[in-house]
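Listed below are the residues making up each chain.
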Amino acid sequence: MGDCIFCKIVDKEIPSNVVYEDDRILCFHDLEPKAPVHVLIIPKKHIASMDDVAEEDQDLLGYLMTKVKDIAAQLGLENGYRLVNNCGEDGVQTVQHLHFHLLGKRKLTWPPG
Ligand code: 5GP
Ligand code: ZN
């Protein structure tokens, strides 16, 4: 997608601090971390939000979910972590390319604001 910053990160047009990458997904450090560990896990395919997930995305997103524990282990999150998706206006989604925040290395509060 032409003006999507996360597609540009996938295409390496915008630099990022990559944690994990394969042919289907990318994980990189968030620019403004909200916890000692704060990374974003995204499908390389442009999907705008959770609201735009299609039947055909089942394998891709199932695959992404199986990788979360491996990325968490790689980042030393053996004491737990939080996986977050913000969707739409009320969810305060600011980047319109599906992404999951993986946060950890501190005791997180609940509920989020
Ligand atoms: P959202 O509010 O959409 O769930 O989260 C978007 C996240 O993307 C924010 O945490 C923000 O800090 C991060 N972000 C926005 N632009 C960039 C960027 O160019 N590079 C990186 N690494 N993170 C970004
Ligand atoms: Zn995109």
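The structure contained in this document is the topic of the report that follows.

Moving on to the pairing of strand β5 (residues 100–104). Burial analysis of β5 places five of its five residues in the buried class, which makes it a mostly covered element. Of the two faces of β5, the one carrying F100, L102 and G104 and the one carrying H101 and L103 are both buried. Where strand β3 (residues 37–43) lies against β5, five bridges are found, and the strand directions are antiparallel. Bridge pairing in β5 places V37 opposite G104. Where strand β4 (residues 81–84) lies against β5, four bridges are found, and the strand directions are antiparallel. Each bridged residue has a counterpart across the sheet, and for Y81 the counterpart in β5 is G104.

Now for the site of ligand 1. Residues in close proximity to ligand 1 total 16 residues, the closest being D30, N86, T94, H99 and H101. Here a nitrogen atom of ligand 1 sits 2.9 Å away from a polar atom, N or O, in the main chain of H29. At 2.8 Å from an oxygen atom of ligand 1 is found a side-chain nitrogen or oxygen belonging to H101. Across the complex, the protein chains shield 85% of the 520 Å² of accessible surface that ligand 1 would expose by itself. At the level of elements, α1 (5–10) and β2 (25–29) are the ones that each hand at least two residues to the shell around ligand 1. With three residues, the single largest contributor to the shell around ligand 1 is α1. Across the shell around ligand 1, the residue classes break down as eight nonpolar, six polar and two charged.

Here is what the cut-offs are and how they apply
Residues numbered from 1 in each chain as written. Chains lettered and ligands numbered in written order. Predicted model: local features only at pLDDT ≥ 70, side-chain atom pairs only at ≥ 80, totals over all residues. Heavy atoms only, no water. Buried < 20%, exposed > 50% of the residue type's maximum accessible area, 1.4 Å probe, protein only. Helix = DSSP H or I, 4+ residues; strand = E, 2+ residues; numbered from the N terminus. Pairing = 2+ DSSP bridges. Near = heavy atom within 4 Å. Polar contact = N/O pair within 3.5 Å; in protein donor to acceptor, adjacent residues only side chain to side chain. Areas by Shrake-Rupley, 256 points an atom, 1.4 Å probe, with all protein chains shown as cover. Nonpolar A, V, L, I, M, F, W, Y, C, P; charged D, E, K, R; others polar.

Functional significance is not addressed by these values, which are geometric in nature.
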